[in-house]
Structure formats: C-alpha cells, structure tokens
Amino acid sequence: FCFQAEDGIRDQPRSRGLGDVYKRQLLDAGEGAYGQLVDHFCNPSVIANVLLNLRIIHLSHYHGDHIFGITKVLTECDAALIHKYGRKEEAKAVVVKENPLYLLLPSNLIVCVKKMIDANSLFYVDRIKLINLENLNPDPESHFGEGALKKPVTPSILLPEETIKKYIETLYKMAFANIQEFWADCRKVLNIHRVHSFDTDHCKGSHGIVIEGGDWKLVYSSDTVPCASLVNFSKGADLLIHECTFADNLPRKDEDVRHTTLAHTLSIFDNVLPWRMLLTHFSNKSSKITTTSEDHLKRKIFVSFDHLQFKLSDADWMYQLTPLLEELIINDQTISSFAK
C-alpha cells in the first residue's frame, strides 16, 4: 500500500494527479513492490518523484511476502537521489535533512535489513533511519496486564476507547529521543499527528500500525488472527485495512492458521466499528479477490485489488462496487489446477 496524508481526506476532494508533491508511505514491501510502482505510475519522471517523496516504509514482520522487495525499493530511491543531486559528498547533508527515510520494523528484522542496506552500498545511506516498532508501543503489558492484548477477542478483554487514548498520551511522553524526532518530522512534513504500533498474533515480532491525522485515523493490520490488541487500538478508525487471507471454505495447512478468514472479518468489524473496512492479502490459491457476503455489504466493507487508488471520501460509496468487482476480477486457475 502506498499512502499519502492530508487533513480532511474523508470529506475534501483532491485535484492533484499521480506523482504529486505529497509525501508518501509504503505499508510493507513484498517481492515485486517496485515493479508494482512502475506498473502503476508508468511515467519514469513520476516514478522518480514518488521515490523522492517516500518518507516512511513500514515492514510489519519478517515473512518474505512483506519484506523481499525492500532492497529494490531502497536501491531505486538512492538512484533517484543520485539523478537529482549527483554523487556529491556535500549533497549528503542536504539529503539527510530534506529527504529522511524512516524504516519502521520489528527488532528481529533490524540486523537483516541493515545487512541488506550495507550489501547495496547506497550512496545516500545516512538518510535511512531505522525505527524499532516496539518503541512505538513500548511495554503495553505494564498497562494492560501480561499477554492481555494478544488474547482472543472476548468482551472481557476489550478496553474502553478512552483507556487506549490515555495510554497513547502516556506513550508520547515517554518515548525515546529518536522516536520524538520521528514524530516531529511526521507532524512537520507528513501532515501526520501520530504513528504508533500494536502487537499482532501472527509470528514473532509481527506488528500492525496506526496512523492519525488531524481529523482521521487509519489502521493497517498486516497479517494476524483476530486479537484484542488489533481491536482495541483500531477503535475510532476511519479506515481499517485488514487482511483476509482465506475464504471460509478454503482448505488450510497448519502453517496457515495465523491468518484471518472471511468470517473473522465480520466479528472484527462489529467489535471495532470503523467508518470503513478494506480487505486485502487474499490467498492466491483461490481468487485474486475474495468473494464477500451480503453481511459484508451491509457493513459497507469493500475489497482491494492491484492498482486500487482512492481517496478516503471515495470509500463512502466504493463498497457498492464490490459485487461487480467480484464478477470482473477472477483467477483462471482453480484450486485443483493450482495444486497440479
């Protein structure tokens, strides 16, 4: 997901076209992430502009379909900077100040990503700043009890929205200096007031992320099964981007159980009550987009697909297109042919 922020994005139309001057964020960078950017934006100068204005890359966990594209994205970002500034030592200080790039990632990915960066000998490497996702939500267990936020979603484990807000206020006062610097840049350059993470129940170190502006809130779950931390930190979201890897009737292997199913998404919506919910991360063993139900349509839940582009105000009506998209976007391979 390539995301850009504006105040009033739910209500105000935007006239700027692709490759505009807004600073951008990338939510995960799986294999082929750069190729998707090229396919989407097409024009080389527009692609370069997008890369030059990329400010945050969020890597939610260590699985390849979420991180294997990061090397190519960073290499092409560096190439775009070299094209603009040249290979000049005196330009490095300017780039570090004007074009910082924050990599938000779990602690068990930091060493690996550092090695990836070092192996590519990036000229403007000093502008890349690694932010440990754990430091964007340190020690929630001390506030909510050991293991409380990863437990399954039950009424007894769900917390009032005000309790979560008070915790976030405390978090922002306690944060390390580099985190404070990151938040200051978010407010100054990205038009983002807050960024914080939450644990998800998928694999070791997996995190979702919450991004808040002046009058909007976006939550990205990444991969997870339904868990209390996701529900608690997603309350009040304007847009909840949530994985939906498996249709309910699709056979799953043991290693697949840490994902959300189509039925799960209904209970998640009912507990969070976001303004809109977008489903993504569909298994390639079934179809390119999942087939939703009448219950999803009633909740105004809609589905993502490659190259989907919209502003938040479009989500007011986009869910109505879901039945049509499910008819148009199909995969020729059936489950049986895929297995062969």
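Residues numbered from 1 in each chain as written. Predicted model: local features only at pLDDT ≥ 70, side-chain atom pairs only at ≥ 80, totals over all residues. Heavy atoms only, no water.

Caption draft 1: Seen up close, the nonpolar core. By size, the foremost hydrophobic cluster in this structure holds 57 residues, and its most contacted members are Leu104, Leu136, Phe182, Trp183, Val195 and Phe233. Excluding anything up to four places from it in sequence, Leu136 contacts Leu104, Ile131, Leu171, Ile179, Phe182, Trp183, Val195, His196 and Ser197. In this structure, Phe41, Val73, Tyr85 and Ala91 belong to the second largest nonpolar core, which totals 36 residues. (Core = buried A, V, L, I, M, F, W, Y, C linked by side-chain atoms within 4.5 Å. Buried < 20%, exposed > 50% of the residue type's maximum accessible area, 1.4 Å probe, protein only. Contact = heavy atoms within 4.5 Å.)

Caption draft 2: The environment of Pro323, seen in detail. Along the chain, Pro323 falls in helix H14 (residues 322–328). With 30 residues separating them along the chain, Pro323 and Ser293 place their C-alpha atoms 9.0 Å apart. (Helix = DSSP H or I, 4+ residues; strand = E, 2+ residues; numbered from the N terminus.)

Caption draft 3: Representation of the pattern of salt bridges. The tally for this structure, following the rule as stated, stands at 10 salt bridges. Linking Lys165 and Glu162 is a salt bridge whose minimum nitrogen-to-oxygen distance equals 3.9 Å. Within this pair, Lys165 and its partner Glu162 are both found in helix H8 (residues 161–174), separated by three residues, close to a single helical turn. Judged by relative accessible area, which is 43%, Lys165 ranks as partly exposed. (Salt bridge = Lys/Arg side-chain N within 4 Å of Asp/Glu carboxyl O.)

Caption draft 4: Quick peek at the side chain of His61. Its place among the elements puts His61 in the loop between strand E3 (54–58) and helix H3 (64–67). Side-chain polar atoms of His61 contact the side chain of Asp223, separated by 3.4 Å. Beyond its immediate sequence surroundings of up to four residues, His61 is in contact with His66, Ile67, Pro106, Leu109, His202, Cys203, Ser206, Ser222 and Asp223. (Polar contact = N/O pair within 3.5 Å; in protein donor to acceptor, adjacent residues only side chain to side chain.)

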